[in-house]
Amino acid sequence: MKHYLFIAVAALFLFTACGDETTAKSDVDNATPDEATADTTADDQSDQSDPTDQTDQSVTDDTVTDDELSDLSDDQADDVVTDEILSDEDVVVDPLVEHLVGVWAQKVELFADGNVPVVNEVVLRTDKIVRIVIKEQNGKAVLAEVPQTCYMETVIVEGNAIAKTITTYFPEKFRNYFFYIPPEELKDPKPTLEYSGTPDNFTFRMNRWWEMRGAYFQGENGTTPFDIETEMITETDDPRIFDHDEDGKPGQTFEISSSIASGLIWGVIKSYMEVTSTSGSDIWIEGTSLWQQYEMVIDTDNALFAGERTIQPHTDGNTMIMKKLPDPQMDCAAINAAPDLFKKP
C-alpha cells in the first residue's frame, strides 16, 4: 500500500538536480560526499572524456609525401591535401565559450504550494547549491561532467507554527545518486547548453533534463522499461524499484525533522528542471527555474508522516544564480563554507 507523507514529506521531494553533455541516462551511483562528479563510474562517464586536441600538430610520420600523392588519383590527392590543411588549422573559439569554460556554483530556490494533513495549506521552498564544470568541445561550451549537488534542504515558508518548524534533509547519496536523462534524448531534443552574446553581456540556458531516483526505467536487469517523460512507478512492490542509495531500504531515503516529530521516508522520485538567465555579465548570471516533480512513497519509520497531500510547483518566482569560482579547485566543502559566495558583485 502506498504511503504519502504529510507536510514534512511535502517539503521533502521538492528539489531538482542539474544535467549535462555526458553520457545519456548516466547513473551517478559512485558519487561520494563533497567530491566532484568526476568520480562517477567509468561506464556512466564513458563519453565525458576530454575533447580531442585541436591545436596545431607538427608533421608526423603519417604525413603523406609528394611521392605518395603522385600515386593517387587527382581527386584522392585533393582530399588528402585538404584533410592535412584542415588538421593544421586552429579551431576558432567564441570568446563567450572561452568565458563560460570553468567551474561555476549555481544556487536555485524552488517554490511550491502544498495542501497536507495536520498543517493544511503551506508554501514550500527548496534551496539547492550545485557545482557545475563547463569545458570547450569542438568550439562549443558543454558540461564536462554530471553536476554535483553540494547542498539541498526544503523548508516551510508559509503555514502554521508547527509547519514552519519542518525541515527536510537530503543526504549526499540522495543528492547525487540518480539516472540523468539529458535534453538531447527527450522527445523534443535540444542541446544541454544554449548561450549567445559576449562575455560582458550574454544569455545562458540549461535546457530541460530529467532525473530518476529509486527505480530502473530503461529495462535494466530484465525489467520492463517505461517512458521517463510520461510514466511513473505507482506500486510499492514494482520489481523495477531498487535500493538506489544502498541503505537497506528500497528507493531513495531522506530525513524530516520538526518540533513534534522526526523520521525517515523512502520512495521513488522523478523530476525535471530547466534554468534560463535573465542577465549575464562577467562572472555572474541571474535567472529563473522551471521544474516539476513526481513521487511515490514506499514507506516511513514514523506513521505521522503518512497521509494524502498535494504539491504544485510554482511556475514563476523560482530563482537561479550562477557564480564563476575564482579557484576551480573549490570543492563542495569550500563552496558550502563560503557564505558570501552568492553575494552580487
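This text follows the structure it describes.
Residues numbered from 1 in each chain as written. Predicted model: local features only at pLDDT ≥ 70, side-chain atom pairs only at ≥ 80, totals over all residues. Heavy atoms only, no water.

Draft legend 1. Quick peek at the pattern of salt bridges. All told, the structure shown has 10 salt bridges when counted by the stated rule. Residue Arg125 pairs with Asp127 through a salt bridge whose shortest N-O separation is 2.8 Å. Given the relative accessible area of 11%, Asp127 is considered buried. A salt bridge links Arg213 to Glu211; its shortest N-O distance comes to 2.7 Å. Just as Arg213 is buried, Glu211 falls in that class too. Where salt bridges share partners, they join Lys187, Asp227 and Glu229 into one cluster. (Salt bridge = Lys/Arg side-chain N within 4 Å of Asp/Glu carboxyl O. Buried < 20%, exposed > 50% of the residue type's maximum accessible area, 1.4 Å probe, protein only.)

Draft legend 2. Spotlight on the pairing of strand S5 (residues 148-158). Within S5, 8 of the 11 residues are buried, which leaves the element mostly enclosed by the surrounding structure. Bridging between strand S3 (residues 120-137) and S5 involves 9 bridges; their strand directions are antiparallel. Looking at S5, one finds that Arg125 is bridged to Val155. Bridge analysis of S5 against strand S6 (residues 167-169) gives 3 bridges, and the strand direction is antiparallel. Paired with Val155 across the bridge in S6 is Thr167. (Helix = DSSP H or I, 4+ residues; strand = E, 2+ residues; numbered from the N terminus. Pairing = 2+ DSSP bridges.)

Draft legend 3. Broad picture of the environment of Lys344. Within the element layout of this structure, Lys344 appears in the segment after helix H6 (332-336). Accessibility expressed as a relative area gives 55% for Lys344, which makes it exposed. Between the C-alpha atoms of Lys344 and Ile285, which are 59 residues apart in sequence, the distance is 9.5 Å. Non-local contacts of Lys344, meaning those with residues more than four positions away in its chain, are made with Trp284 and Glu286. (Contact = heavy atoms within 4.5 Å.)

Draft legend 4. Quick peek at unusual backbone geometry. Positive phi is not limited to glycine here, since Asn221 has a value of about 55 degrees. Residue placement: Asn221 occurs in the loop between strand S9 (201-213) and strand S10 (252-257). According to the relative accessible area criterion, Asn221 is exposed, its value standing at 68%. Unlike most non-glycine residues, Asp282 shows phi in positive territory, near 50 degrees.

Draft legend 5. How the structure looks around the side chain of Arg213. For Arg213, the location among the structural elements is in strand S9. Polar side-chain contacts of Arg213 include one of 2.9 Å to the backbone oxygen of Arg175. (Polar contact = N/O pair within 3.5 Å; in protein donor to acceptor, adjacent residues only side chain to side chain.)

Draft legend 6. Representation of the packing of aromatic side chains within the structure. Applying the stated criterion to the full structure yields 10 aromatic pairs. An angle of 80 degrees between the planes, with centres 5.8 Å apart, marks the rings of Phe174 and Phe254 as edge-to-face. You can see Phe174 sitting in helix H5 (residues 172-176) and its partner Phe254 sitting in strand S10, a full 80 residues away along the chain. By the burial criterion, Phe174 is buried, and Phe254 matches it. (Phe/Tyr/Trp six-rings, centres within 6.5 Å; stacked < 30°, edge-to-face > 60°.)

Draft legend 7. A look at the nonpolar core. By size, the foremost hydrophobic cluster in this structure holds 26 residues, and its most contacted members are Leu100, Ile132, Ile134, Phe204 and Met206. When contributions to this core are tallied by element, the ones reaching two or more residues are helix H4 (95-100), strand S2 (102-116), S3, strand S4 (140-143), S9, strand S11 (262-281), strand S12 (284-300) and strand S14 (319-324). Excluding residues that lie within four positions of it along the chain, Leu100 makes contacts with Ile134, Ala141, Tyr195, Phe202 and Phe204. Within the second largest apolar cluster, 18 residues are counted, among which are Ala215, Ile241, Phe242 and Trp266. (Core = buried A, V, L, I, M, F, W, Y, C linked by side-chain atoms within 4.5 Å.)

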